[in-house]
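This is what each chain is made of:
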Amino acid sequence: MPLSIRPAVVADLPALCAWNAAMACETEGLALDPAVLERGVRGVFEQPQRGFYLVAERDGAALGGLLVTFEWSDWRAGDYWWIQSVYVVPEARRDGVFRALYAEVERRARAAGAARLRLYVETENRRAQSTYERLGMRPCHYAMYEQVL
């Protein structure tokens, strides 16, 4: 059965929250506060200018998803589309789920006139990095800094 990619709806909120919690645990060993996580996911639905979620399904079963957020570039007079919160359920990994999600993001970004697609990845996550490179993404020359507030 082929994969289908669709925009997430509020009814997907429990799955999106569960996937975000699992990703944080798997990639960074973090246990996210469920109430804060739910507010964060719900905030995308409540204010669509923040971004949108996509969900991949096969046979009506949700297999994974991602979030796209926007960053305005005054240099490019266009939005950078940031791919975030990528998660594929373990039993569907290496089965084209992320590839299909990425293709849909790329299609939508081109149609919207986005300037770039971007994402960040843990420096040690070589498997993800090679996946992104196979899809045509390249490391950029910026290092990320942050301050926790």
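Residues numbered from 1 in each chain as written. Predicted model: local features only at pLDDT ≥ 70, side-chain atom pairs only at ≥ 80, totals over all residues. Heavy atoms only, no water.

Points about the overall build of the protein
Helix and strand counts for the protein stand at 4 helices and 5 strands. From first element to last, N terminus to C terminus, the protein shows the α and β order β-α-α-β-β-β-α-β-α. In terms of its C-alpha atoms, the protein occupies a principal-axis envelope of roughly 40 × 40 × 35 Å. Contacts in the protein between residues at least 24 apart in sequence constitute 57% of all its contacts with a sequence separation of at least 6. Element-wise, carbon and sulfur atoms account for 54% of the exposed surface of the protein, whose accessible area totals about 9600 Å². (Helix = DSSP H or I, 4+ residues; strand = E, 2+ residues; numbered from the N terminus. Contact = heavy atoms within 4.5 Å. Areas by Shrake-Rupley, 256 points an atom, 1.4 Å probe, with all protein chains shown as cover.)

Concerning the pairing of strand β3 (residues 61–73)
The side chains of a regular strand alternate, first on one face of the sheet and then on the other. Where strand β2 (residues 51–58) meets β3, 8 bridges bridge the pair, whose relative direction is antiparallel. Looking at the pairing, Glu57 lines up with Ala62 of β3. Connecting β2 to the antiparallel partner β3 that follows it, the hairpin turn spans 2 residues, and Asp59 within it adopts a positive phi of roughly 55°. Both β3 and strand β4 (residues 78–88) contribute to a ladder of 9 bridges, which runs antiparallel. When the sheet's bridge partners are listed, Ser73 is paired in β4 with Gly78. The loop that links β3 with its antiparallel partner β4 comprises 4 residues; one of these, Ala77, has a positive phi angle of about 50°. (Pairing = 2+ DSSP bridges.)

Quick notes on the pattern of salt bridges
Inspection of the entire model under this criterion finds 8 salt bridges. Where Arg58 meets Asp95, a salt bridge forms, and the shortest distance between an N and an O atom there is 2.8 Å. Placement of Arg58 in strand β2 and of Asp95 in the loop between β4 and α3 (97–112) is noted, with a sequence separation of 37 residues between them. The exposure class of Arg58 is partly exposed, given its relative accessible area of 22%. Where salt bridges share partners, they join Arg6, Asp12 and Glu57 into one cluster. (Salt bridge = Lys/Arg side-chain N within 4 Å of Asp/Glu carboxyl O. Buried < 20%, exposed > 50% of the residue type's maximum accessible area, 1.4 Å probe, protein only.)

Quick look at unusual backbone geometry
Even without a glycine there, the phi angle at Ala77 is positive, about 50°. Since its relative accessible area comes to 59%, Ala77 is described here as exposed. A positive phi is found at Ser85, a non-glycine position, where the angle reads about 50°. Position of Ser85 relative to the elements: it lies in strand β4.

Side note on the packing of helix α1 (residues 13–28) against helix α2 (residues 34–46)
Two numbers describe how α1 lies on α2: the axes approach to 10 Å, and their chain directions differ by 125°. As the angle between them shows, α1 and α2 are arranged oblique. Considering how the two elements wind past one another, α1 and α2 form a crossing that is right-handed. Here Leu13, Leu16, Cys17, Asn20 and Ala21 of α1 come into contact with α2, specifically with Leu37, Glu38, Val41, Arg42 and Phe45. Its residues placed into classes, the contact of α1 with α2 shows 7 nonpolar, 1 polar and 2 charged. (Axes fitted to C-alpha atoms, helices over the stretch in contact; angles between N-to-C directions. Parallel < 35°, antiparallel > 145°, perpendicular 65-115°, else oblique. Left-handed = near helix turned anticlockwise from the far one by under 90°. Nonpolar A, V, L, I, M, F, W, Y, C, P; charged D, E, K, R; others polar.)

A closer look at the side chain of Glu104
Within the fold, Glu104 resides in helix α3. In this view, Glu104 contacts Ile5 and Leu54; residues no more than four positions away in its chain are not counted.

Fair warning: the whole summary comes from geometry, so function is off the table for now.
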